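What follows is the residue order along each chain.
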Amino acid sequence: MSQKNLRNIPVYRKALELCRTCREIASYVSFNKDLLRLYESNSLRDIIANSILTDAILIPQKIAMVESSRSTSERLQNVSFINIMIRNINSYCLGLEKDGVKETEYINLLRSELKSFRKYYRKWKVSIK
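All values reported here derive from a predicted model rather than from experimental measurement. (Residues numbered from 1 in each chain as written. Predicted model: local features only at pLDDT ≥ 70, side-chain atom pairs only at ≥ 80, totals over all residues. Heavy atoms only, no water.)

Draft legend 1. View of a positive patch on the surface. On the surface, K115, K119, R122 and K123 cluster together into a positively charged patch. Within the element layout of this structure, R122 appears in helix α5 (residues 104-128). (Patch = residues over 30% accessible without salt bridge, like charges linked within 9 Å, V, L, I, M, F, W, Y side chains within 5 Å. Areas by Shrake-Rupley, 256 points an atom, 1.4 Å probe, with all protein chains shown as cover. Salt bridge = Lys/Arg side-chain N within 4 Å of Asp/Glu carboxyl O. Lys, Arg positive; Asp, Glu negative; His and termini not counted. Charge placed at Lys NZ, Arg CZ, Asp CG, Glu CD. Helix = DSSP H or I, 4+ residues; strand = E, 2+ residues; numbered from the N terminus.)

Spelled out as structure tokens, the structure:
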């Protein structure tokens, strides 16, 4: 499936929005403002921010893989992987709170964005089977 066709899929567009939100929040909460070098940091907050970014970037990639795959087992495996990444990002929000991020409104914003994405994800998941 081409990139142009992917942009017509609501869950893919929502995944890209989630990605942007995660990038902005990771940039805000991390001590290291170079997002490409977060993995080098020993700070728990930077490690969590890097994990949020990694999972958020993988979600649209996995949606694209599901849309382009003809194998049912591969599609189901990628759908399951997306579900795991959603749960992980929720867990990372809790980790940021435990690490002392004082601006919990940003964490709650990410949670609400995840909740919104999850609605699109559920509808899409039912339609692909």
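Right, picking up where we left off after that structure.
Draft legend 2. Quick look at the environment of I86. Note on placement: I86 falls in helix α4 (residues 72-98). On the basis of relative accessible area, I86 is assigned to the buried category, the value being 0%. Not counting chain neighbours up to four residues away, the residues in contact with I86 comprise I59, L114, F117, R118 and Y121. (Buried < 20%, exposed > 50% of the residue type's maximum accessible area, 1.4 Å probe, protein only. Contact = heavy atoms within 4.5 Å.)

Draft legend 3. Summary view of the state of the cysteines. Under the definition given, this model contains zero disulfides. Free of any disulfide, C19 has its nearest cysteine sulfur in C22, 6.7 Å distant. Here C93 is not disulfide-linked; the sulfur of C22 is the nearest cysteine sulfur, at 7.6 Å. (Disulfide = S-S within 2.5 Å.)

Draft legend 4. Main features of the side chain of R75. You can see R75 is positioned in helix α4. The buried charged residue R75 lacks any salt bridge partner; its closest oppositely charged side chain belongs to E67, at an N-O distance of 5.6 Å. With sequence-adjacent residues up to four places away left out, R75 is seen in contact with V66, S69 and I128.

Draft legend 5. Main features of the pattern of salt bridges. Taken as a whole, this structure holds four salt bridges when the rule is applied. Here D99 ties to R45 by a salt bridge, and the two come within 3.0 Å at their closest N and O atoms. Residue D99 is located in the loop between α4 and α5, and its partner R45 is located in helix α3 (residues 44-68); the two are separated by 54 residues in the primary sequence. For D99, a relative accessible area of 26% corresponds to the partly exposed category. Taking the shortest distance from any N to any O, the salt bridge between E97 and R111 comes out at 2.9 Å. In this pair, E97 is assigned in helix α4 and R111 in helix α5, connecting sequence segments 14 residues apart. Its relative accessible area of 29% is what places E97 among the partly exposed residues. Residue R111 is classed as partly exposed on the basis of its relative accessible area, which comes to 24%.

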